[in-house]
Amino acid sequence: MITQAEVSEQADAARREQFPRGAALTLDDLTLAGREHLLDELREHEPVTWMPALGGWLVTSRDAAREVLSPAAPMTVEVEQNMVRNSLGPMMLTSDGESHDAQRRPFEAPFRNRDIELRYGERIAALAHRLIDELGPGAAAGEPFDLGARFASPFAVLMAGELLGLSLHDTERIDGFYSDFAGAMEYSGDPEPMRRADAARAELSALLLDELAAARRTPGHSLTSQVANDPSHGLSDDELAAQLRVVLFGAIETIQASVMNTLYLLAEHPDQEAAARDDRSLLAGAQEEARRLIPPVSFIERWTAAPVTIAGVEVPAHEFVGVSVLAANRDPAHFDDPLRFDLTRPNASRSLSFSFGVHACLGLHLARAQTTGAITALWDRLGRLRVLEAVEPEGFAFRKPAIMRVAAER
Ligand code: HEM
C-alpha cells in the first residue's frame, strides 16, 4: 500500500477512537472469503469509517457510496497515489472533469447496446464455441476441465484482442501486458513492477498506433477501426491509444470473473440454475444478481479534492476514500434479504458493480453480452456443469474463484 495522506498522530488517534471497528479492520478483511460479515457490521455501525490499514476512509453503505461516486462530489482520480494512473497512464478512468469527458466521448457510440449486439453478438458466440471445441471431445463426455484457465480467461483475452483489432499473435501477448499492468497497481516499494508496466505501456501503445494507421487504410470491424475512422473524435492517436489500453485492461479479469461467479452461484442454487437453463431469458437476471452478490470489481478508489461530508462524516481534502462495492451491494436498506441469491430480484441491476457517475463502466453492455454468450454456449454444448472443485470467490480489487474445476454432467 502506498502512503495516502500525512495524518498527524493526534488526528489518527482521534479517528481511531471515533471509528473503532474501522481501526481494527485489516486488508485481509477486505480480501478473503468468509469475512464479509465484518463489512455488514461496519455498514451498520460505521458506514463511513477511518481505516488505518488502508491509509484512508472506507465506505460500506450504498447511499454513502453513491455520495462518493456522484458527479457532484468533490472527488478526484488525478493524484500521484493513483496506482492505476501510474501503471496504465492518464486516460479516461484516471482523469477528471472535461478532460475525462473529452477522452470518453468518442467511445460512447461504439459501446451502445444496439451496436454491441450487432457488431459483436456473433463474434462472441463463435469465440465461445471455438474454445469449447478446443476443450476436445472428452469435455462433452464429462472430462473435467479448469473453467478459468481453459475457458473464461482465454475467452476474455481473445475477445479483448478482437475488440482492439489485434492479430492473434499479438493477442497472445495481451495476457502478459495485463499482468504487467496489474503487477504495478500494488505498491510494494520494489521499482521493478513499475518498470515492467512502463515497458508494457510502450509496447502495447506501439501496437495500437500501428493498428490505428492500418485501420485507416483498411477499415475493419474493430473498435480501434471505428474510432480511427471517426473524424469527430478530436483526440490525437496517442490519446486514442491510451483509451484503448484501459479498454483492454477493463475487459479481462472482469469478464472472467463475471462468467465464473455467475456459474459458481448458479451451481450453489441448482433449482435456479435449472430454471435458467430451461428459460434462457432468466440468464440476464442471474448474471446481474451474481454481479451484485460477488462483484467482479469489489473496490473503487477516489481522493477528496476538497473537504466533504459523506453520510455525516467530515473528510478533509486530499485524503483517500475507498468504496467497498461488495458491502454496498449487500446493503439491506436497498436489497431485501441481501445475502439471498435470487435471479428474479427486481432491483439487482441497481447494484454498484458497474460503478456510478462519470466513470460508470463504458463496457457494461458488452460485458452483459459476453457473459450471456459464454454461458449459453457452455450450456448448449456441454449441458449442466458440475463443480468438482472450487475455491470461494475472493480478492481485494477483483473478486473471483481462484480455482474452479468443472465437468459436464453425464
Ligand atoms: C462484468 C464485467 C465488468 C465489470 C464488473 C466492470 C466494472 C467497472 C467499474 C466498477 C468501473 C468504474 C471504476 C471506477 O468508478 O473507478 C468500470 C469502468 C470502465 N470499464 Fe468496466 N467492467 C466490466 C467490463 C468492461 C468491459 C468488457 C470493458 C470494455 C470492453 C470495460 C471498460 C471500462 C472502461 C473503459 C471504464 C472507464 C470508464 C470511465 O472512466 O469513464 N469494462 N468498469
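Everything below is about the structure shown above.
Predicted model, so just to flag it, every value in this text is computed and none were measured.

Colleague: What's the story with the site of the ligand in this structure? I'm lost.
Modeller: Surrounding the ligand, one finds 29 residues, the nearest of these being His 100, Arg 104, Ser 355, His 359 and Cys 361. Between the ligand and Leu 93 there is a distance of 3.4 Å, counted from an oxygen atom to a backbone nitrogen or oxygen. In this structure, His 100 approaches the ligand through a side-chain N or O atom, which is 2.7 Å from an oxygen atom. Its residues assigned to classes, the shell around the ligand comprises 17 nonpolar, nine polar and three charged.

Colleague: Hey, could you run me through the packing of helix H7 (residues 113-134) against helix H9 (residues 147-164) in this one?
Modeller: Packed helices, taken two at a time, are described by the angle between their axes plus the distance between the axes. Packing of H7 against H9 leaves a shortest axis separation of 10 Å and a crossing angle of 140°. When the interaxial angle is binned, H7 and H9 end up oblique. With respect to the hand of their crossing, H7 and H9 are arranged in right-handed fashion. Between H7, through Tyr 120, Arg 123, Ile 124, Leu 127, Ala 128, Arg 130, Leu 131, Ile 132 and Glu 134, and H9, the contact on the second element is made entirely by Arg 150, Phe 151, Pro 154, Phe 155, Leu 158, Met 159, Glu 162 and Leu 163. Across the contact of H7 with H9, the residue classes tally to twelve nonpolar, no polar and five charged.

Colleague: Sorry, what's going on with the coordination of the iron atom of the ligand here?
Modeller: For a metal with four tetrahedral donors the ideal donor-metal-donor angle is 109.5 degrees, while six octahedral donors give ideal angles of 90 or 180 degrees. For the iron atom of the ligand, the protein contributes exactly one donor atom, Cys 361 (SG), at 2.3 Å. Examined against the element boundaries, Cys 361 turns out to sit in the loop between helix H17 (325-328) and helix H18 (364-382).

Colleague: Help me out: how do you make sense of H9 in this one?
Modeller: In an α-helix, one turn spans 3.6 residues; hence positions three or four apart end up facing the same way. The end-to-end C-alpha distance of H9, which contains 18 residues, comes to 24 Å, matching closely the 26 Å that a straight helix rising 1.5 Å per residue would cover. Taken across its 18 residues, H9 has 15 buried, putting it largely inside the fold. Where H9 begins, one side-chain oxygen reaches toward the backbone nitrogen of Gly 148, 3.0 Å away; that side chain belongs to Asp 146.

Colleague: Could you clarify how one ought to interpret the sheet that holds strand S4 (residues 145-146) in this entry?
Modeller: Hydrogen bonding along the main chain pairs the strands of a sheet, whether they run parallel or antiparallel. What the three strands build is an open sheet, ordered S4-S10-S9; its pairing is antiparallel. Taken across any chain shown, the strands that pair with only one partner, and hence form the sheet edges, are S4 and strand S9 (385-390).

Colleague: How should the sheet that holds strand S1 (residues 48-51) be read in this particular structure?
Modeller: Taken in spatial order, the five strands of this open sheet run S1-S2-S8-S5-S3, and their pairing is mixed. In the strand order of this sheet, the two ends are held by S1 and strand S3 (75-76), each with one partner. As paired strands, strand S5 (residues 299-304) and strand S8 (residues 320-324) are joined by five bridges and run antiparallel to one another. Within S8, the position partnered with Trp 303 by the bridge is Phe 320.

Colleague: I'm lost on unusual backbone geometry in this one. Help?
Modeller: For residues that are not glycine, phi is negative in most cases, and the peptide bond is trans in most cases. Look at Ala 311: it is not a glycine, yet its phi comes out positive at around 45°. Tracing the chain through its elements places Ala 311 in the loop between strand S6 (308-310) and strand S7 (313-315). The phi dihedral of Ser 355 is positive, around 65°, even though this residue is not glycine. Here Ser 355 falls in the buried class, since its relative accessible area comes to 17%.

Colleague: Would you mind going over the pattern of salt bridges with me for this structure?
Modeller: Summed over all chains, the structure comprises 27 salt bridges. Close ionic contact of Arg 123 with Glu 162 constitutes a salt bridge, the shortest N to O distance being 3.5 Å. You can see Arg 123 sitting in helix H7 and its partner Glu 162 sitting in helix H9, a full 39 residues away along the chain. For Glu 162, a relative accessible area of 22% translates into the label partly exposed. Between Arg 291 and Glu 288 there is a salt bridge; the shortest N-O distance is 3.0 Å. Pair noted here: Arg 291 and Glu 288 are both in helix H16 (residues 283-293), with a separation of three residues, about one helical turn. Comparing Arg 291 with Glu 288 shows no difference in burial state: the two are buried. Sharing partners across several salt bridges, the network here consists of Asp 180, Glu 192, Arg 195 and Arg 196.

Colleague: Looking at this model, I keep getting lost on H16. Mind explaining?
Modeller: Most of H16 sits out of view: nine of its eleven residues are buried. Here H16 has its buried residues at Leu 283, Ala 286, Gln 287, Glu 288, Glu 289, Ala 290, Arg 291, Arg 292 and Leu 293. Tucked into the core, H16 has its buried residues touching helix H14 (253-268), H17 and H18.

Colleague: Where do I start with the packing of aromatic side chains in this structure?
Modeller: Aromatic ring pairs: the centre-centre distance and the angle between the two ring planes describe each pair. Inspection of the entire model under this criterion finds eight aromatic pairs. Considering the side-chain rings of Tyr 178 and Phe 249, the 4.8 Å spacing of their centres and the 10° angle between planes classify their relative orientation as stacked. Placement of Tyr 178 in helix H10 (residues 168-183) and of Phe 249 in helix H13 (residues 237-250) is noted, with a sequence separation of 71 residues between them. Ring geometry for Trp 303 and Phe 320: centres 5.3 Å apart, planes at 55°, overall tilted. Residue Trp 303 is found in strand S5, and its partner Phe 320 is found in strand S8; the two are separated by 17 residues along the sequence. With respect to burial, Trp 303 and Phe 320 carry one shared label: buried. Through successive ring pairs, a cluster of aromatic residues spans Phe 299, Trp 303, Phe 320 and Phe 396.

The rules behind the values
- Residues numbered from 1 in each chain as written.
- Predicted model: local features only at pLDDT ≥ 70, side-chain atom pairs only at ≥ 80, totals over all residues.
- Heavy atoms only, no water.
- Near = heavy atom within 4 Å.
- Polar contact = N/O pair within 3.5 Å; in protein donor to acceptor, adjacent residues only side chain to side chain.
- Nonpolar A, V, L, I, M, F, W, Y, C, P; charged D, E, K, R; others polar.
- Axes fitted to C-alpha atoms, helices over the stretch in contact; angles between N-to-C directions.
- Helix = DSSP H or I, 4+ residues; strand = E, 2+ residues; numbered from the N terminus.
- Parallel < 35°, antiparallel > 145°, perpendicular 65-115°, else oblique.
- Left-handed = near helix turned anticlockwise from the far one by under 90°.
- Contact = heavy atoms within 4.5 Å.
- Donors = N, O, S within 2.8 Å, 3.2 Å for Na, K, Ca; no water.
- Expected span 1.5 Å × (residues − 1).
- Buried < 20%, exposed > 50% of the residue type's maximum accessible area, 1.4 Å probe, protein only.
- Pairing = 2+ DSSP bridges.
- Salt bridge = Lys/Arg side-chain N within 4 Å of Asp/Glu carboxyl O.
- Phe/Tyr/Trp six-rings, centres within 6.5 Å; stacked < 30°, edge-to-face > 60°.

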